Amino acid sequence: MKSTFIFSALILVLLSSCSKNQNSTDYAENSEYTLTEYTLASSKYHNTIEAELFELINNYRTDIGLNELVFENATYYYASLHTNYMISKKSTSHDNFSKRAEYISERLDADFVSENVARNYETIEDAFAAWLKNPGHKKNIEGEYNYSAISIIQSSNGDYYYTQIFVK
């Protein structure tokens, strides 16, 4: 079961990476980025821009007859870790996605975890529109998920980096 979960998550990750300036699917487990079982802190809420994109996605989902996603704070923690990692690397990636998915799955007893990433979109509307144009991202947004969290962080040079994690 776990191997099927990890394989399925890996396939989704390889199809789901986005940047305004590049379309990257550079997935790597052997990066400097590491997570441990002990990274259990979390945030109870997201910031205004994250909440606005979360609402935009939920409005889209309800408009097409899907359930609203519920904000999940442990997932937000892992999304934020990954967003900061992408900023440190100055590129979008799904590095260590299987580890993130495993930790989230263990904490939430989740059946499935997927992820969308992006960077260099000046507005949340632009990022959302780009996600909808990408088949992998759109599939995640329209997926049978219950929980989600979005991390949006602006780098020191002004670029916005986005990580959204979906959980079923």
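Definitions and cut-offs
Residues numbered from 1 in each chain as written. Predicted model: local features only at pLDDT ≥ 70, side-chain atom pairs only at ≥ 80, totals over all residues. Heavy atoms only, no water. Patch = residues over 30% accessible without salt bridge, like charges linked within 9 Å, V, L, I, M, F, W, Y side chains within 5 Å. Areas by Shrake-Rupley, 256 points an atom, 1.4 Å probe, with all protein chains shown as cover. Salt bridge = Lys/Arg side-chain N within 4 Å of Asp/Glu carboxyl O. Lys, Arg positive; Asp, Glu negative; His and termini not counted. Charge placed at Lys NZ, Arg CZ, Asp CG, Glu CD. Helix = DSSP H or I, 4+ residues; strand = E, 2+ residues; numbered from the N terminus. Phe/Tyr/Trp six-rings, centres within 6.5 Å; stacked < 30°, edge-to-face > 60°. Buried < 20%, exposed > 50% of the residue type's maximum accessible area, 1.4 Å probe, protein only. Core = buried A, V, L, I, M, F, W, Y, C linked by side-chain atoms within 4.5 Å. Contact = heavy atoms within 4.5 Å.

K.L.:
Is there a simple way to think about a negative patch on the surface in this case?
P.N.:
A contiguous patch of negative charge, built from Glu52, Glu55, Glu68, Glu122, Glu125 and Asp126, is present on the exposed surface. Every element with two or more residues in the negative patch is listed here: helix H2 (48-63) and helix H5 (124-133). Considering the arrangement of structural elements, one finds glutamate 68 in the loop between H2 and strand S1 (70-71).

K.L.:
Would you mind going over the packing of aromatic side chains with me for this structure?
P.N.:
How two aromatic rings sit relative to each other is set out by the distance from centre to centre and by the angle between their planes. Tallying each qualifying case throughout the model produces eight aromatic pairs. Ring centres of tyrosine 60 and phenylalanine 128 lie 5.6 Å apart, and the angle between their planes is 75 degrees; on these two criteria the pair is classed as edge-to-face. On the criterion of sequence distance, the pair formed by tyrosine 60 in helix H2 and phenylalanine 128 in helix H5 is long-range, its members being 68 residues apart. Residue classification places tyrosine 60 among the buried residues on the basis of a relative accessible area of 18%. In this structure phenylalanine 128 comes out as buried when scored by relative accessible area, which is 9%.

K.L.:
Would you take a moment to explain the pattern of salt bridges for this structure?
P.N.:
Between side chains of opposite charge, a pair can form as their charged atoms come close. Counted by the stated rule, this structure contains four salt bridges. A salt bridge links lysine 99 to glutamate 102; the shortest N-O distance between them is 3.9 Å. Taken together, the residues lysine 99 and glutamate 102, both in helix H4 (residues 97-108) and three residues apart, mark about one turn of the helix. With a relative accessible area of 23%, glutamate 102 lands in the partly exposed category. A salt bridge links glutamate 144 to lysine 168, with the nearest nitrogen and oxygen atoms 3.7 Å apart. On the criterion of sequence distance, the pair formed by glutamate 144 in the loop between helix H6 (135-141) and strand S3 (147-154) and lysine 168 in the segment after strand S4 (160-167) is long-range, its members being 24 residues apart. Since its relative accessible area comes to 37%, lysine 168 is described here as partly exposed.

K.L.:
In this structure, what is going on with the nonpolar core? I would like to understand it.
P.N.:
Across soluble globular proteins, nonpolar side chains have a tendency to be buried as a group. Core analysis: the largest hydrophobic core is formed by 19 residues, its most contacted members being Leu53, Ile57, Trp131, Ile141 and Tyr162. Listing elements by their share of this core, those giving two or more residues are H2, H5, S3 and S4. A per-element tally of this core places H5 first, with five residues. Among residues more than four places away in sequence, those in contact with isoleucine 141 are Ile57, Tyr60, Arg61, Asn116, Phe128, Trp131, Leu132 and Phe166. Counting residues in each nonpolar core, the second largest holds 11 residues, with Tyr103, Ile104, Ala110 and Ile165 among its members.

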